[in-house]
Amino acid sequence: MDALKIESAGAFEQWTLEREPMRNALSRGLVEELKQHVIRISEAESCVRCVVLTGAGDKAFCAGADLKERQGMSVAEVREFLQNLRELFLSIEHSKAVFIAFLNGVAFGGGAELALACDIRIAAGHVQLALTEVRLGIIPGGGGTQRLPRLVGIGKAKELIFCGRRVGAEEALRIGLIEGVGVLADARAMALNISENAPLAVAFAKKAIVQGVHLPLEEALGLELQMYEQTLETEDRLEGLKAFSEKRPPRFVGR
Ligand code: COA
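Everything quoted here is computed from the prediction, not taken from an experiment.

Student: Which residues make up the environment of Lys-35, and what are the values?
Tutor: By the element assignment, Lys-35 lies in helix H1 (residues 28–42). The class for Lys-35 is buried, based on a relative accessible area of 14%. Separated by 107 residues in sequence, Lys-35 and Gly-142 have C-alpha atoms that sit 14 Å apart. Those residues in contact with Lys-35 that sit more than four places away from it in its chain are Asn-84, Glu-87 and Leu-88.

Student: Give a detailed account of the side chain of Thr-54, specifying residues and quantitative values.
Tutor: Position of Thr-54 among the secondary structure elements: in strand E3 (residues 50–55). A relative accessible area of 4% places Thr-54 in the buried class. At 2.9 Å, the side chain of Thr-54 forms a polar contact with the backbone oxygen of Phe-102.

Student: Tell me about the site of the ligand, residues and numbers included.
Tutor: The local shell around the ligand holds 15 residues, among which Arg-23, Ala-63, Ala-65, Leu-67 and Lys-68 are the closest. Note that a nitrogen atom of the ligand is positioned 2.9 Å from one of the backbone N or O atoms of Ala-65. Between the ligand and the protein, one listed contact pairs an oxygen atom with a side-chain N or O atom of Lys-68 at 2.7 Å. Expressed as a share of its isolated accessible area of 870 Å², the protein-covered part of the ligand is 62%. Listed by contribution, the elements that provide at least two residues to the shell around the ligand are helix H2 (67–71) and strand E6 (106–108).

Student: Give a detailed account of the pattern of salt bridges, specifying residues and quantitative values.
Tutor: As enumerated under the stated definition, the model contains 16 salt bridges in all. For Arg-165, the salt bridge goes to Glu-159, with nearest N and O atoms at 2.8 Å.

Student: Which residues make up the pairing of strand E2 (residues 12–17), and what are the values?
Tutor: Each regular strand carries side chains that alternate between the two faces of the sheet. The element E2 is extensively covered by neighbouring structure, given that 6 of its 6 residues are classed as buried. Burial along E2 is two-sided: the face carrying Phe-12, Gln-14 and Thr-16 and the face carrying Glu-13, Trp-15 and Leu-17 are both buried. Of the strand pairs in this sheet, strand E1 (residues 4–9) and E2 are connected by 6 bridges, and their pairing is antiparallel. In the sheet register, Ser-8 faces E2, and the bridge partner there is Glu-13. Count of turn residues in the E1/E2 antiparallel hairpin: 2 residues, of which Gly-10 carries a positive phi of about 75°. Relative to E3, E2 runs parallel, the two sharing 6 bridges. Residue Trp-15 lies in a different strand from E3, and its bridge partner there is Leu-53. For the handedness criterion, the β-α-β arrangement of E2, H1 and E3 is classed as right-handed.

Student: Tell me what's going on with a nonpolar patch on the surface, and back it up with residues and numbers.
Tutor: There is a patch of nonpolar side chains on the surface, built from Leu-67, Leu-136 and Ile-138 and spanning about 270 Å² of accessible area. Topologically, Ile-138 is positioned in the loop between strand E8 (128–130) and helix H5 (144–152).

Student: Run through the sheet that holds strand E7 (residues 120–123), naming residues and quoting values.
Tutor: Taken in spatial order, the 6 strands line up as E1-E2-E3-E5-E7-E10 in an open sheet, and their pairing is mixed. A single partner strand is all that each edge strand has here, and the edge strands are E1 and strand E10 (180–181).

Student: How would you explain the environment of Gly-125 if you had to name every residue and give the values?
Tutor: Topologically, Gly-125 is positioned in the loop between E7 and E8. Classification of Gly-125 as exposed rests on a relative accessible area of 58%. Measuring from C-alpha to C-alpha, the distance between Gly-125 and Glu-170 comes to 7.8 Å, with 45 residues separating the pair along the chain. In this view, Gly-125 contacts Ala-169 and Val-181; residues no more than four positions away in its chain are not counted.

Student: Any chance you could break down the sheet that holds strand E9 (residues 167–168) for me, citing the residues and the numbers?
Tutor: Taken together, the 4 strands give an open sheet; going across it, the order is E4-E6-E8-E9, and neighbouring strands pair in mixed fashion. The sheet terminates laterally at strand E4 (60–62) and E9, the two strands that pair on one side only. Here 2 bridges tie E8 to E9, and the two strands are oriented antiparallel to one another. Residue pairing across strands places Leu-129 opposite Val-167, the latter belonging to E9.

About the cut-offs
- Residues numbered from 1 in each chain as written.
- Predicted model: local features only at pLDDT ≥ 70, side-chain atom pairs only at ≥ 80, totals over all residues.
- Heavy atoms only, no water.
- Helix = DSSP H or I, 4+ residues; strand = E, 2+ residues; numbered from the N terminus.
- Buried < 20%, exposed > 50% of the residue type's maximum accessible area, 1.4 Å probe, protein only.
- Contact = heavy atoms within 4.5 Å.
- Polar contact = N/O pair within 3.5 Å; in protein donor to acceptor, adjacent residues only side chain to side chain.
- Near = heavy atom within 4 Å.
- Areas by Shrake-Rupley, 256 points an atom, 1.4 Å probe, with all protein chains shown as cover.
- Salt bridge = Lys/Arg side-chain N within 4 Å of Asp/Glu carboxyl O.
- Pairing = 2+ DSSP bridges.
- Right-handed = clockwise from strand over helix to strand, strands pointing away.
- Patch = residues over 30% accessible without salt bridge, like charges linked within 9 Å, V, L, I, M, F, W, Y side chains within 5 Å.

Dropping the structure here:
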């Protein structure tokens with residue numbers, strides 16, 4: 001355990017995958033730790049509004065599943081690992097906190113899928129992303145075949161997955177695979193910015209986008225309305241209006 005370093009910065013946290021000698025590969029233990037911390041910040045009393053997720057060192061954000069650990073696994077154990085990985089990625093996607101992946105280095109296989117499950121991706125200039133699975137005789141099983149086309153389009157996703165091709169920062173930005181190129185401080189500044197906005201409003205907006213994208217437009221618009229309605233009764237909405245009229249920054253409380 002303790003392959004994940006947690007640092008608090010007030011309303012946001014930085015989580016660092018700390019397995020640099022293995023290029024931050026996802027072991028069973030690391031997946032479990034990540035799951036536990038997503039549960040922790042989902043509890044009602046948690047004030048964590050945003051997470052910057054990154055990897056130790058500058059070589060890899062995450063080299064995917066731990067292939068050394070995989071060698072000793074039975075088929076049943078591989079299935080169990082994959083199930084846990086899929087649950088982790090879904091829990092990140094459905095968390096009320098916003099996840100920003102700062103890609104400090106390569107993101108391959110499950111590492112790229114981890115980045116895809118996050119809300120926003122900022123990458124260092126030397127980053128490379130790839131879904132390399134077909135080179136290993138498997139397919140992306142952590143959501144890659146579904147989340148990549150939703151982000152970059154079906155044709156580009158097919159090309160990248162069938163070839164297992166590596167994409168650099170410039171191309172990743174151009175095709176919409178990442179949202180920005182920068183340094184860790186840029187990802188942290190974005191996390192601070194998001195954390196300063198009304199927490200319930202950000203969480204409801206995330207839910208409207210994450211769930212709405214899978215629905216026909218009219219149902220999705222209905223979901224947006226439901227989320228909007230939930231902000232109407234909040235103290236933060238009134239505080240936003242009051243702060244505007246008093247020409248001062250709002251003090252949101254998350255109620
Ligand atoms: N699982 C377990 N160990 C891994 C790993 C993985 N996914 N990726 C890298 N490592 C280990 C290497 O085996 C090596 O260990 P060693 O020092 O005991 O030999 C160590 O990390 C460093 O790897 P190395 O390849 O020497 O470093 P690098 O910085 O030159 O390259 C990568 C890093 C990530 C580009 C390269 O290791 C790689 O391509 N890994 C496979 C990634 C992959 O295909 N993942 C998909 C899994 S589905």
